[in-house]
Amino acid sequence: MTAKRAPGAMAGLVVFAGVMLVVIGLVNVFEGFVALFDDERLVITPDKLIVVDVTGWGWFLLISGLLLLAVGCGLLAAQTWARITAIVVVGLHVILQIVSLGAYPVWSLLMIALDTAVLYALTAGWSGARERIDRRAEATWNGQEGEVPQSAAEQRVPPMG
């Protein structure tokens with residue numbers, strides 16, 4: 001019984017990973033535009049006032065946000081290239097969060113936990129999840145919005161001989 005539920009649960013985790021990457025991508029795109037349009041920040045220290053230009057950081061956020069958005073949409077379409085790209089991008093994001101752990105400890109720990117959940121969703125049971133997502137998409141596009149057609153093994157019907 002657990003084997004029957006596993007592809008559905010994994011498909012749900014892959015959809016979760018795709019949605020999270022789309023949301024994070026949209027947030028990064030928004031932050032990138034804000035950093036590009038309002039590109040000078042003031043930093044006040046005890047003995048001086050520093051003006052910081054964040055144009056480079058804005059471009060980085062904008063490009064990474066667009067990449068995350070594309071990868072998230074690819075995951076929602078169950079594309080293998082998106083899975084591999086997402087694993088690399090999320091792995092780099094974990095490293096970036098570890099580096100910024102001293103500056104933003106709570107945020108970094110939350111992001112590391114979320115990235116771990118996304119990496120688990122992308123690495124455990126991809127083939128079963130991909131097949132299930134593909135079948136759901138085919139059923140929806142064919143106008144069969146009801147139950148997803150099941151294979152003979154799922155229906156527990158013996159194969160025709």
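Figured I'd write up the structure that's included with this text. (Residues numbered from 1 in each chain as written. Predicted model: local features only at pLDDT ≥ 70, side-chain atom pairs only at ≥ 80, totals over all residues. Heavy atoms only, no water.)

Some words on a nonpolar patch on the surface
Among the surface-exposed residues, V15, V19, V23, V27 and L76 lie close enough to one another that they form a single nonpolar patch of about 350 Å² accessible area. Per-element tally for the nonpolar patch: the top contributor is helix 1 (residues 2–37), with four residues. Take V23: it is sitting in helix 1. (Patch = residues over 30% accessible without salt bridge, like charges linked within 9 Å, V, L, I, M, F, W, Y side chains within 5 Å. Areas by Shrake-Rupley, 256 points an atom, 1.4 Å probe, with all protein chains shown as cover. Salt bridge = Lys/Arg side-chain N within 4 Å of Asp/Glu carboxyl O. Helix = DSSP H or I, 4+ residues; strand = E, 2+ residues; numbered from the N terminus.)

Let's talk about the side chain of Q97
Note that Q97 resides in helix 3 (residues 80–99). Of the residues examined, Q97 reaches a relative accessible area of 7% and is grouped as buried. In terms of polar contacts, Q97 uses its side chain to reach the side chain of S108, at 3.4 Å. (Buried < 20%, exposed > 50% of the residue type's maximum accessible area, 1.4 Å probe, protein only. Polar contact = N/O pair within 3.5 Å; in protein donor to acceptor, adjacent residues only side chain to side chain.)

Remarks on the packing of helix 2 (residues 55–76) against helix 3
One way to put it is that helix 2 packs onto helix 3 with a least axis distance of 8 Å and a crossing angle of 140 degrees. With respect to their mutual orientation, helix 2 and helix 3 come out oblique. In this structure, helix 2 meets helix 3 at a crossing whose hand is left-handed. Every residue of helix 3 that contacts helix 2 at L67, L68, A70, V71, G74 and L75 is listed here: W81, A82, R83, T85, A86 and V89. Residue classes in the contact of helix 2 with helix 3 are distributed as nine nonpolar, two polar and one charged. (Axes fitted to C-alpha atoms, helices over the stretch in contact; angles between N-to-C directions. Parallel < 35°, antiparallel > 145°, perpendicular 65-115°, else oblique. Left-handed = near helix turned anticlockwise from the far one by under 90°. Contact = heavy atoms within 4.5 Å. Nonpolar A, V, L, I, M, F, W, Y, C, P; charged D, E, K, R; others polar.)

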